[in-house]
Amino acid sequence: MKLVVTHAFGDHKPGDEITDAKQIEAVLESHPGSVVKVASAPTEAPAAGKRG
C-alpha cells in the first residue's frame, strides 16, 4: 500500500507518494484527510504445474 497526497501538508504537495510503512502510519494518524490509500497490485501466482 502507498498513500498519495491530495492536499498539501508539511513538506508534502499534491501528487507526492508516501511508501514507507512508518511514514504511512504517521500520516494516517496526523493528516488522514489529505491523502488517499492506493492498494498494491496483486502479484500473479504461477499457474499450477508450471515453473518459471
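What you see is a predicted model, and the numbers here were worked out from it, not measured in a lab. (Residues numbered from 1 in each chain as written. Predicted model: local features only at pLDDT ≥ 70, side-chain atom pairs only at ≥ 80, totals over all residues. Heavy atoms only, no water.)

### Describing the pairing of strand β1 (residues 2-5)
Sheet topology places β1 next to strand β3 (residues 35-38); four bridges connect them, and they run antiparallel. Bridging across to β3, Val5 finds its partner in Val35. Where β1 lies against strand β2 (residues 17-18), two bridges are found, and the strand directions are antiparallel. Opposite Leu3, over in β2, you have Ile18 as the bridge partner. (Pairing = 2+ DSSP bridges. Helix = DSSP H or I, 4+ residues; strand = E, 2+ residues; numbered from the N terminus.)

### Details of the pattern of salt bridges
Taken as a whole, this structure holds two salt bridges when the rule is applied. Residues Lys2 and Glu17 are paired through a salt bridge, measuring 3.1 Å at the closest nitrogen-oxygen approach. One end of the pair, Lys2, is in strand β1; the other, Glu17, is in strand β2, with 15 residues separating them in the sequence. Since its relative accessible area comes to 24%, Lys2 is described here as partly exposed. Put simply, Lys13 and Asp16 hold a salt bridge, and the shortest N to O gap is 3.3 Å. Accessibility expressed as a relative area gives 18% for Asp16, which makes it buried. (Salt bridge = Lys/Arg side-chain N within 4 Å of Asp/Glu carboxyl O. Buried < 20%, exposed > 50% of the residue type's maximum accessible area, 1.4 Å probe, protein only.)

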